[in-house]
Amino acid sequence: MKMPEVTRREFLKIAGISGAGILGNGILVKTAKALAGKPIPTEGPSENGKWIPSCCHMCGGTTGIMCQVVDGRLARIKPNNHNPIGFTNISDDFFANIQKEGAVICPKGNAGIMALYDPDRVKQPLRRTNPEKGIGVDPRWKAISWEEAYGEITARLKALRDAGEAHKLLWFSEDHCFTHIQDDFCKLFGSPNYSMHSSNCDAGRKASFKILMGDERPLIDAINSKYMLIFGWNPLSATKFSHLPRIITRGIERGARLVIVDPNFSYTASKAHEWVPIRPGTDGALALAMAHVILRDGLQDQPFIDEWTAGFEEFKKYVSDKTPAWAEEITTIPAERIERLAREFATTKPALVDVWSGAHHTNGVYAGWAIGALAALTGNIEKPGTLLSPEKKGNKHVEVDAPKISYPRFDEGKERFPYFHKSGVYPEMMNRLAKGEGPYQPKMAMVIFQNLLMEVVGTKTVEEALKKLEFIVVVDTMMSETAEFADIVIPGTTYLERYDLNTHWVTWPVVGLRQPVVKPLFGQPTEYEFVCELGRRLGLKEGNGNDIFWTGRMSGQRIEDKTKWYEEFLSKELKEGEPKITLEELKALPGATWVSTKGTRYNKHLDVIPEEKLADAITEGNLIFSKKEDGSKDKQIGMLKPDGTAVRGFFTPSGKLELYAAKHVDKKDAEGNPLQPLPVYEPRKWQPSTEYPLFLINWKEASQTHSRTQNNAFLAELKVTDGLRINTKTAAKLGIRNGDWVWAESPYGKVKAKAELTEGIHPEVVGTQHGWGHWAMGKIAKGRGAHTGFLAKTIACPLSGQSLNKEICVRVYRV
């Protein structure tokens, strides 16, 4: 097939975007000109080239995709109908309707081609020649060879290890890509400091539901629900999973009522039956007042409570004075509205309630627990149309035989945060680095596909922290703000150039393959090949002497080719996990997706544990645990009911849903405060003041992912920046008109933004979409919008370690 020179029209066709005139003559024209003369194919019928199934990674949703490749270049991305993540999270819905309706991908997924062909990508290894570091400081890059890059990085790592300072290596990574090999490397190298993105995302929500039901990430069965009450989440636009808009709208079409509780009139709120604007950080008070009404009026599911909850009487006593009038003063929501919402939720079955980023406050874990308690009180857990624990069984990480590391993590998260998540506590690490505190001072950091300066709250603290490190390596596709602090930058790969296994966030076991659809554009190694090469050069071995970065996991033979070595690595995980197949067998499945025939199962807490499983288990009190190979206690697998029946139950200390957590008694959080055994409401720490009278929040939308896609040309045509939303009445008091340039200022800094006046935000609140305000990244991203990290304090949730990027107060005034 002849490869034509690219024109703007062809450029738009490649993206699968129609109606080119709508997009105007902006960024896409400039990008098309930048690519002029390069051989990008026009879209052709499927017989031209080949279609390769894979999984998206424009965000962490991992939607199934089909990629059309012509003459070695990607021409088009479309949804993969064999993968349910782009359609639904319920098996019956998938098997019955996928062929009639077809899967979807969001705007970010459609724009993936421009992540691959971004002209601003890092193309070769670079070494810093300017020893000074700081925001706005020119690194004075010098291009170096791969051998120079590997040599210097290996020498730095070896020096640390030889000096007995392996623990002084910090390692930061994204949480959906090749995490297992990075974790293996850190353990074998001797560093306890492997951290990943989850700490900045939903560690708070994980803690809330861990307390309540022993499951960190329950999922909503929206398509079968009749009432959806959602706190602080924008699922129709901030599409964590691309099936969310479909299952929620299908639920509405089937008669469900959607209520959104959010200070901001989000896109989801605009499609809801009711928007409830709430004062930030008061979600827990609303939930407790609703619980008060439900119990006062006898609307609870008492038989379910009696059998499947712990601490009901303590909880009932606690909420006895949490009246709607009490909550009105805290939340600004009228008491009569709280009464109505409580009655609607309790009397409409089935109903679901959920919270996501609304938990990004110092009181967020308790708030999330209180919100989840509404589901427990009404029996809306593990039934169709409610909250479900997903059976997320996929590939299994085969742990390496590594010596025990005697040093604690630098953040001491396990010791200090009662609901520490393995992803680490980023704000704690940045604070300690900047202040020279902690059990030791790290010397080196490896940063893979993470932009710490844009992701971690308190940008100036992060700047000071990074300046304290002796050596930083950044692996990324773009010259991010954090990359500008690196001593060596390694060109990364996009998801279209590499492998990953994705155990999808649906309610039954599904594994999708992400595989290379094109070769890495600049001949660079993939990230897992890069880590493997470092392991080989350092001679890292398992405790049993196994040369792990040379030895194939399946064949046991020495493998020179690092890609083939990693393919065996993935095959081993598939064989040891639920699929029991090899990588090649997964590739051969329709859509390169393994879909369990077991399907979605409800009421899993009622599962009776088989006798043969009980025979090889350990019972302690009413709880049942599996055994490790050495005979010691392993994971909780069930509970004994009063009649002696062994059932799965819930994986909590009581085996039930916990409205009162007895294990919290006499425990403390990371700040030394008593750990509360009830989902109490206490005001968040940072409150508006006379000097800084407004809450500032941020949110996510379908047009961007966090802070990492703002240089994407296609997405920039959808939305090139974001202003600062201000309530019209608030703006009038401040003398601010629509379109005025304003300063938002906190005790930690100030940022400039364009005022967007609206009735769609709480009068005490201003806000903007998260991720804008780059001063690096690329030509498109740079200088657009405001980065709210400059306004934030570097703080973490004292229970979970969640980075709290919504706990900010500001004053706003005209420039």
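Every chain begins its residue count from 1, and numbering advances along the sequence as written. Local features in this predicted model are restricted to residues whose pLDDT is 70 or higher, and side-chain atom pairs enter the listing and the counts only when it is 80 or higher, whereas totals over whole chains, interfaces and linings include all residues. Excluded from the side-chain calculations are hydrogens and water; all other atoms, namely the structure's heavy atoms, are used.

J.: Give a detailed account of the environment of E560, specifying residues and quantitative values.
T.: Working definition: helices are DSSP H or I runs of at least four residues, strands are E runs of at least two. Numbering for both runs from the N terminus. Take E560: it is sitting in the loop between α21 (527-538) and α22 (562-576). Burial classes follow relative accessibility: with a 1.4 Å probe on protein chains only, a residue under 20% of its type's maximum area counts as buried, one over 50% as exposed, and anything between as partly exposed. With relative accessibility at 53%, the residue E560 sits in the exposed group. Note: C-alpha distance between E560 and H787 (227 residues apart in sequence) is 45 Å. Any two residues having at least one pair of non-hydrogen atoms within 4.5 Å are treated as being in contact. Non-local contacts of E560, meaning those with residues more than four positions away in its chain, are made with R536 and W550. Contacts described as polar in this section are N or O atom pairs within 3.5 Å, which, within protein, must combine one atom able to donate a hydrogen with one able to accept it, while residues neighboring in sequence count only if both atoms come from side chains. There is a polar contact of 3.3 Å between the side chain of E560 and the side chain of R558.

J.: For helix α8 (residues 203-213), give the residues involved together with the corresponding values.
T.: In terms of residue burial, α8 counts as a mostly covered element, since ten of its eleven residues are buried. When α8 is considered as a whole, its buried residues turn out to be A203, G204, R205, K206, A207, S208, F209, I211, L212 and M213. Check the buried side of α8 and you find it contacts β13 (351-355), α16 (364-377), β14 (387-388) and β25 (657-658). One or two residues past the end of α8 sits G214, with phi positive at roughly 75°.

J.: Run through the side chain of T362, naming residues and quoting values.
T.: Note on placement: T362 falls in the loop between β13 and α16. There is a polar contact of 2.9 Å between the side chain of T362 and the backbone nitrogen of K685. Here T362 is in contact with R684, K685, P798, L804 and E807, once residues within four sequence places are set aside.

J.: Quick rundown of the sheet that holds strand β27 (residues 724-727)? Include the residues and the values.
T.: With mixed pairing, the six strands of this closed barrel are ordered in space as β26-β30-β27-β29-β28-β31. Direction aside, neighbouring strands of the sheet carry axes that sit 45° apart on average. Strands are treated as partners if at least two bridges between them are detected by DSSP. Looking at chain direction, strand β28 (residues 741-746) and strand β31 (residues 808-814) are connected through four bridges and run antiparallel. Looking across to β31, one finds that V742 is bridged to R814. Under this scheme, a helix contributes an axis fitted over its contacting stretch, all axes are lines through C-alpha atoms, and angles between N-to-C directions fall in the 0 to 180 degree range.

J.: Mind laying out the nonpolar core, listing which residues take part and the relevant values?
T.: Inside soluble globular proteins, nonpolar side chains tend to come together where they are buried. Nonpolar cores were defined as sets of buried Ala, Val, Leu, Ile, Met, Phe, Trp, Tyr and Cys residues, with membership established by side-chain atoms within 4.5 Å. Judged by nonpolar contacts, the single largest core of 100 residues is most densely connected at L229, M290, F315, F345 and L374. Here F315 is in contact with L288, A291, L295, A373, L377, L659, L678 and P679, once residues within four sequence places are set aside.

J.: An account of the pairing of β13 is requested, with residue identities and associated values reported.
T.: Most of β13 is tucked away, with five of its five residues classed as buried. Along β13, one buried face is formed by A351, V353 and V355 and the opposite face, lined by L352 and D354, is buried too. As paired elements, strand β9 (residues 227-231) and β13 share five bridges and run parallel to each other. Directly across from L229, in β13, lies its bridge partner V353.

J.: Which residues make up a positive patch on the surface, and what values do they have?
T.: A cluster of basic side chains, namely K396, K575, K580 and K635, defines a positive patch on the protein surface. Checked against the element boundaries, K580 lands in the loop between α22 and α23 (583-588). Without a salt bridge and with relative accessible area above 30%, a residue can belong to a patch; like charges are then joined within 9 Å and nonpolar side chains (Val, Leu, Ile, Met, Phe, Trp, Tyr) within 5 Å. Per-residue accessibility takes into account occlusion by the displayed protein chains alone, with areas from the Shrake-Rupley method and a 1.4 Å probe. What makes a salt bridge here is a side-chain nitrogen of Lys or Arg within 4 Å of a carboxyl oxygen of Asp or Glu, nothing more. Only four residue types enter the tally: Lys and Arg on the positive side, Asp and Glu on the negative side, with His and both chain ends excluded. Here the site of a charge means NZ on Lys, CZ on Arg, CG on Asp, or CD on Glu.

J.: Can you explain unusual backbone geometry? Please cite residues and give values.
T.: Here the bond from K349 into P350 is cis, since omega is -10°, no more than 30 degrees from zero. As for its placement among the helices and strands, P350 is situated in the loop between α15 (335-347) and β13.

J.: An account of the packing of aromatic side chains is requested, with residue identities and associated values reported.
T.: When the centres of two rings from Phe, Tyr and Trp lie within 6.5 Å, Trp using its six-membered ring, the rings pair. Their planes under 30 degrees apart give stacked, over 60 give edge-to-face, and anything left gives tilted. A complete count under the given rule lists 25 aromatic pairs for this structure. Both rings, one in W171 and one in F185, keep their centres 5.1 Å apart while their planes meet at 45°; by these two values the pair is tilted. With a gap of 14 residues between them, W171 in strand β6 (residues 169-173) and F185 in helix α7 (residues 179-189) connect regions that are remote in the sequence. By the burial criterion, W171 is buried, and F185 matches it. Grouping aromatic residues by their ring pairs yields a cluster made of W171, F178, F185, F189, Y528, F549, W565, Y566 and F569. When the NZ atom of lysine or the CZ atom of arginine is within 6 Å of a ring's centre and also within 35 degrees of its normal, the charge is said to sit over that ring. For R536, the ring lying beneath its charged end belongs to W550, and the centroid distance is 3.9 Å.

J.: Got a sec to walk through the environment of S198? Specific residues and values, please.
T.: Examined against the element boundaries, S198 turns out to sit in the loop between β7 (194-196) and α8. The exposure class assigned to S198 is buried, which follows from its relative accessible area of 7%. For the pair formed by S198 and H421, sequence separation is 223 residues and the distance between their alpha carbons is 8.1 Å. The contact partners of S198, leaving out residues within four places of it in the chain, are D175, A203, K206, H421 and S423. At 2.7 Å, the side chain of S198 and the side chain of D175 are in polar contact.

J.: Help me get a handle on the pattern of salt bridges, residues and values and all.
T.: For the structure shown, the criterion picks out 62 salt bridges. In this structure, the salt-bridge partner of E578 is K598, at a minimum N-O distance of 2.9 Å. Separated by 20 residues along the polypeptide, E578 in the loop between α22 and α23 and K598 in the loop between β20 (593-595) and α24 (611-615) bring together distant segments of the chain. Using a relative accessible area of 56% as the deciding quantity, one classes K598 as exposed. Salt bridges here are not isolated pairs; linked through shared partners, they connect D93, E101, R246, R250 and E253.

J.: Describe the sheet that holds strand β3 (residues 73-79), with residues and values.
T.: Spatially, the three strands line up as an open sheet ordered β1-β2-β3, and their pairing is antiparallel. Where the open sheet ends on each side, the last strands, each with one partner, are β1 (50-55) and β3. Between one strand axis and the next, the sheet turns by 30° as a mean value, whatever way the strands run. With six bridges connecting them, β1 and strand β2 (residues 64-70) associate as antiparallel partners. In the strand pairing of β2, I52 is matched with C67.

J.: Tell me what's going on with the packing of α7 against α21, and back it up with residues and numbers.
T.: In the contact formed by α7 and α21, the axes pass within 10 Å of each other and the chain directions differ by 20°. As judged from the angle between their axes, α7 and α21 are roughly parallel. As α7 packs across α21, the resulting crossing turns out to be left-handed. Note on element contacts: α21 touches α7 through Y528, V531, C532, L534, G535 and L538, opposite I181, Q182, F185 and F189. Under the scheme applied here, ten amino acids are nonpolar (Ala, Val, Leu, Ile, Met, Phe, Trp, Tyr, Cys and Pro), four are charged (Asp, Glu, Lys and Arg), and all others, including Gly, are polar. Partitioned by chemical class, the residues of the contact of α7 with α21 number eight nonpolar, two polar and no charged. Roughly parallel covers angles under 35 degrees, roughly antiparallel covers those over 145, roughly perpendicular covers 65 to 115, and oblique covers all other angles. The hand of a helix crossing depends on one turn: near helix anticlockwise from the far one by less than a right angle means left-handed, and clockwise means right-handed.

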